[in-house]
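# Topology and contacts: notes
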Amino acid sequence: MTRLVEETPYRWRIDAEEPMRVPGVVFATADLLPDPSADQALGQVAAVATLPGIVEASYAMPDMHWGYGFPIGGVAATDVERDGVVSPGGVGFDISCGVRLLLSGLHLDELRPRLDALMDALDAVIPRGMSKGAVWHLRGQAELEEVLAGGARYAVERGHGEPADLERCEDRGAVADADPAAIGARARERGLAQVGSLGSGNHFLEVEAVSEVYDEEIAQAYGLWPGRVCVLIHTGSRGLGHQVCTDSVRAMEAVMARYGISVPDRQLACAPVTSPEGQAYLSAMAAAANYGRANRQLLGQAARRAFEQATGDGGLSLLYDVSHNLAKLETHHVEGRARRLCVHRKGATLALPPGHEDLPEDLRAVGQPVLVPGSMGVGSYVLAGTPGAPAFASACHGAGRRLSRHQALKSTSAARLRAELEEAGVAVRGASARGLAEETPHAYKDVDAVVTACHLAGLARKVAKLAPVGVVKG
């Protein structure tokens, strides 16, 4: 059994024991720690600590839970120059899954009389569920390759958005070094008809309003004032990203012995970052990430059209778009010197501090918006990156699942959940009864507790809370 040592009420340590190369560090309160009898995430933290080239620690965020290879909420960095590896399990199947937050000029009081009309309009324009419906009908493989190479930038070039949107996107809307040629035939087939679709699972679009402000200065810089209506979009790279992960795990499993790599779990299959297999994965991952960026760009445009139709105000401005499933090559100071690291974030949000050169100029003084969707119908948070944060500038990515989908289905019904949400003033537009029930808020941890732990552990600071008024669900 994995033994935890409490360092502070918000930080726990797993001491390094063979074959671990570094300790594990878990940011959480005692109440948020996973139950080892039902959730193996703590063991996964220890297993990740065995990866070649890993530095500092194998980290886990307050919303951590059991995942594929890495725990969801896991962060690990490997030293590229010291045979550090990249592991597809450290990114996950939904490559570049992330969150986009758009701001309306409307106050909630102005929206209320038109809320049903807005939700009907969103219901009509947001493709979702397991079907292949999409906002953008690509003309074929050549145009898909443009999406894979150019991400949200290409979508904007084709008229799906505004150039100003790109200034508020991570990586300005496209990951560099993407190589469409690294994407296999099956992944291309799955992605051809899905760009501009929400999908299913825990993905959703939510109409929200600012309900609480914790940091007036940063909230003002972000444009978050009490009652302001917002649109939060949570989705990723759909079937294309899933297939890229599947293909890459198989490829790395086949070559680990050649590089003298042994891992305690086949789901941690990996290869050196500098190896042909490592480079091929990073190129394919970047292309899938660009697909995810374009996907959210298109859904944001669809939301603008729905707002224009229902309220006469379609001028939604983008606060930020950021991923929480990605591996990135970054420079960080470790043991007193700058080192080039491959930072895996799986269910963990990039949280750049104030002054970082990758931030838009108008946000640089206050730090990056960190977008944390809660469970469906509960509400979300906006945090900000903070100076000197641990875990390579990473923060939580959501509430964190507590019950499996099967357990969630046994705990409620779609009809009961819909009634509870509507009684709480949240309008619901769901694609399927099963999809709705699987995502009951009872299946998730308390997002308030998760965000408080994140704040008090020094990972990011609380800026504002957003309360839901309508949800569109796959």
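Residues numbered from 1 in each chain as written. Predicted model: local features only at pLDDT ≥ 70, side-chain atom pairs only at ≥ 80, totals over all residues. Heavy atoms only, no water.

## Let's talk about the overall build of the chain
Rules: Where helices and strands are cited, they refer to DSSP runs of H or I of at least four residues and of E of at least two residues respectively, numbered from the N terminus. We take the radius of gyration over the C-alpha atoms and set the globule estimate at 2.2 Å times the residue count to the 0.38 power. In this description, contact between two residues means that some pair of their heavy atoms is separated by no more than 4.5 Å. Charge assignment in this entry is limited to Lys and Arg as positive and Asp and Glu as negative, and neither His nor the chain termini are counted. By convention, the point assigned to a charge is CZ for Arg, NZ for Lys, CD for Glu and CG for Asp.
Helices and strands together make up the secondary structure of the chain, namely 13 helices and 19 strands. Against the compact-globule benchmark of 23 Å for 474 residues, the chain has a radius of gyration of 21 Å, which places it among compact chains. Viewed in the frame of its principal axes, the chain has a C-alpha envelope of about 65 × 50 × 45 Å. A fraction of 76% describes how many contacts in the chain between residues 6 or more apart in sequence connect residues 24 or more apart. Averaging the positions of the 47 positive and the 57 negative side-chain charges in the chain gives two centres separated by 4 Å.

## Some points on the nonpolar core
Grouped burial of nonpolar side chains is what soluble globular proteins tend to show. Just so we agree on the cut-off: Put simply, buried Ala, Val, Leu, Ile, Met, Phe, Trp, Tyr and Cys residues joined by side-chain atoms within 4.5 Å make one nonpolar core. The classification of residues rests on relative accessible area computed with a 1.4 Å probe and restricted to protein chains. Under 20% of the type maximum is buried, over 50% is exposed, and intermediate values are partly exposed.
In terms of nonpolar packing, the biggest core is built from 98 residues, with Leu383 and Phe392 touching the most fellow members. Considering each element in turn, this core owes the most residues, 11 residues, to helix α9 (residues 276–311). Non-local contacts of Leu383, meaning those with residues more than four positions away in its chain, are made with Tyr222, Gln368, Pro369, Val370, Val372, Cys396, Val451, Cys454, Ala460, Arg461, Lys462 and Val463. One finds Tyr320, Met376, Ala384 and Val463 within the second-largest nonpolar core, a separate group that totals 33 residues.

## Observations regarding the pairing of strand β11 (residues 317–323)
We apply this condition: Paired strands, as defined in this entry, are two strands with at least two bridges between them according to DSSP.
Burial analysis of β11 places 6 of its 7 residues in the buried class, which makes it a mostly covered element. Relative to β11, strand β7 (residues 98–107) runs antiparallel, the two being bridged by 6 bridges. Each bridged residue has a counterpart across the sheet, and for Arg100 the counterpart in β11 is Asp321.

## A look at the environment of Leu198
Here Leu198 lies in the loop between α6 (185–191) and β8 (204–213). You can call Leu198 buried: its relative accessible area is 0%. Considered as a pair, Leu198 and Glu157 are 41 residues apart in the sequence and their alpha carbons are 22 Å apart. With near-sequence residues (within four places) excluded, Leu198 lies in contact with Ile126, Pro127, Arg128, His203, Phe204, Leu205, Ile233, His234, Thr235, Arg238, Leu299 and Val472.

## Considering the pairing of strand β16 (residues 380–385)
Counting buried residues along β16, 6 of its 6 residues qualify, which places the element largely inside the surrounding structure. Between the antiparallel neighbours strand β15 (residues 369–373) and β16 lie 6 residues, among them Gly377 with a positive phi of about 80°. Pairing of β16 with strand β19 (residues 460–473) involves 6 bridges; the strand directions are antiparallel. Residue pairing in the sheet places Gly385 in a bridge with Ala460 of β19.

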